Amino acid sequence: MTRVGPESPIDVFGATVRGPAHIVARVPNQDAWKRARVGGANVVVVSDGMGSRPFARNGSRAACCAVIDAVRQWRRHPDAPLDILLALVHLLWRARIAPLSPEDCACTCLFAVVEPDGSGIVAQLGDGLVVLGDDEGISTLNMESRKGFANETDALGVTSRISAWTKAQVERRLRTVVLCTDGVAEDLLPDHLGAFVDWLVSDVRAEEPRRRRRVLERAFREWPTPNHIDDKTIAVVHVPGEEP
């Protein structure tokens, strides 16, 4: 039997850049991402503030912090179901944005909680993309997460329904989890997802940790899709191989 021990390093890296439309309009980046260690697990969050909302930037930043706060609370109660964690995310996000209106701070929320052995939890509210990779290949949490136009997507501040989340508790050993906002996700063709993940793991991850962010930022600024306009954010979790 082979195992990955608690001491095995899990790589986490990511980047966010302001989209061309926001640069022209002199609007700050409304995406956000954050990582943290909670117990033995790595928690990673990305969030996309809805551009039509006046405090979207506040919402996305608050979402990242709220998820990490919620995971800390939830892990203290081993028998609590996943829906309790999602309810905590909503409540703690509302607390963090107060006294602002939730509708004015609306944002998507995608997160992963990855244990040292590669098992974990992934969840998504609204558009964007969650890619899961293991030794058998890659899959997505929900390729059909977009609902109508961008401003009609489910989001914190748009819905409080737990059923609006796409979620999964993953028992198999994951090797890679990729979270990205819609500025990246909408330009990734399903047939090219494998190559994109390979680039992240083989090329970007091969760089020195302090250089990975710069490599991603340059790729986003040189994004090949014509007339792309959105902010772009990605976070990557890579679990090392097993030792015999």
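An account of the accompanying structure is given in this report. (Residues numbered from 1 in each chain as written. Predicted model: local features only at pLDDT ≥ 70, side-chain atom pairs only at ≥ 80, totals over all residues. Heavy atoms only, no water.)

With respect to the packing of aromatic side chains
Here's step 1: Tallying each qualifying case throughout the model produces three aromatic pairs.
Here's step 2: Pairing Phe111 with Trp165 gives two aromatic rings, centres 5.9 Å apart and planes at 70 degrees, and the pair type is edge-to-face. Here Trp165 lies in the loop between β7 (137-140) and β8 (166-170) and Phe111 lies in strand β4 (residues 109-114), a separation of 54 residues in the sequence. With respect to class, Phe111 is no different from Trp165; both count as buried.
Here's step 3: The interplanar angle of 35 degrees and the centroid separation of 5.9 Å between the aromatic rings of Phe196 and Trp199 together place this pair among those described as tilted. Taken as a pair, Phe196 and Trp199 lie in helix α5 (residues 193-204) at a separation of three residues, close to a single helical turn. (Phe/Tyr/Trp six-rings, centres within 6.5 Å; stacked < 30°, edge-to-face > 60°. Helix = DSSP H or I, 4+ residues; strand = E, 2+ residues; numbered from the N terminus. Buried < 20%, exposed > 50% of the residue type's maximum accessible area, 1.4 Å probe, protein only.)

Some thoughts on the sheet that holds β4
Note: strands within a sheet are paired through backbone hydrogen bonds, in either parallel or antiparallel orientation.
Here's step 1: The strand order across the open sheet formed by five strands is β2-β3-β4-β5-β8, and the pairing between neighbours is antiparallel. Edge positions in the sheet fall to β2 (31-38) and β8, since each of these pairs with one other strand and no more. When the angles between neighbouring strand axes are averaged without regard to direction, this sheet yields 5 degrees.
Here's step 2: With five bridges connecting them, strand β5 (residues 120-125) and β8 associate as antiparallel partners. Across the sheet, Gly120 pairs through a bridge with Val170, a residue of β8. (Pairing = 2+ DSSP bridges. Axes fitted to C-alpha atoms, helices over the stretch in contact; angles between N-to-C directions.)

Concerning the layout of surface pockets
Here's step 1: Of the voids in this model, the second largest pocket is the one considered here, and its volume is about 230 Å³.
Here's step 2: As for the second largest pocket, its lining consists of Trp74, Arg75, His77, Pro78, Ala80, Glu115, Ser119, Gly120, Ile121, Gln169, Val170 and Glu171.
Here's step 3: Residue classes in the lining of the second largest pocket are distributed as five nonpolar, four polar and three charged. (1 Å grid on protein atoms, 1.4 Å probe; cavity = no way out; pocket = protein on both sides within 12 Å on 5 of 7 lines; lining within 4 Å. Points joined across faces, edges and corners; volume = space filled by probe spheres on them. Nonpolar A, V, L, I, M, F, W, Y, C, P; charged D, E, K, R; others polar.)

Let's talk about the sheet that holds strand β1 (residues 11-17)
Here's step 1: If you walk across this open sheet you meet the five strands as β1-β10-β9-β6-β7, and the pairing is antiparallel. Each of the sheet's edge strands pairs with one partner strand only, and the pair in question is β1 and β7. Along the sheet, successive strands turn relative to each other by an average axial angle of 15 degrees, direction set aside.
Here's step 2: Of the pairings in the sheet, the one linking strand β6 (residues 129-134) to strand β9 (residues 176-180) comprises five bridges and is antiparallel in character. In the strand pairing of β9, Leu132 is matched with Val177.
Here's step 3: The strands touched by helix α6 (residues 209-221) within the sheet are β1 and β10 (232-238), with β1 carrying the most contacts at an inclination of about 40 degrees. (Contact = heavy atoms within 4.5 Å.)

Focus on helix α2 (residues 56-74)
Here's step 1: Relative to the 27 Å expected for 19 residues at 1.5 Å per residue, α2 spans 26 Å between its end C-alpha atoms, a close match to the ideal helical length.
Here's step 2: Buried within α2 we find Ala56, Gly59, Ser60, Ala62, Ala63, Cys64, Ala66, Val67, Ile68, Ala70, Val71 and Trp74.
Here's step 3: Those residues of α2 hidden inside the fold are in contact with β2, β3 (41-48), α3 (82-97), β4 and β5. (Expected span 1.5 Å × (residues − 1).)

Regarding the packing of α5 against α6
Here's step 1: Contact geometry for α5 and α6: axes closest at 11 Å, N-to-C directions at 140 degrees. The orientation of α5 with respect to α6, classified from their angle, is oblique. At the point where α5 passes α6, the crossing takes the right-handed sense. On α6, the residues that touch Trp199, Leu200 and Val204 of α5 are Arg212, Val215, Leu216 and Ala219.
Here's step 2: In the contact of α5 with α6, the residues fall into six nonpolar, no polar and one charged. (Parallel < 35°, antiparallel > 145°, perpendicular 65-115°, else oblique. Left-handed = near helix turned anticlockwise from the far one by under 90°.)

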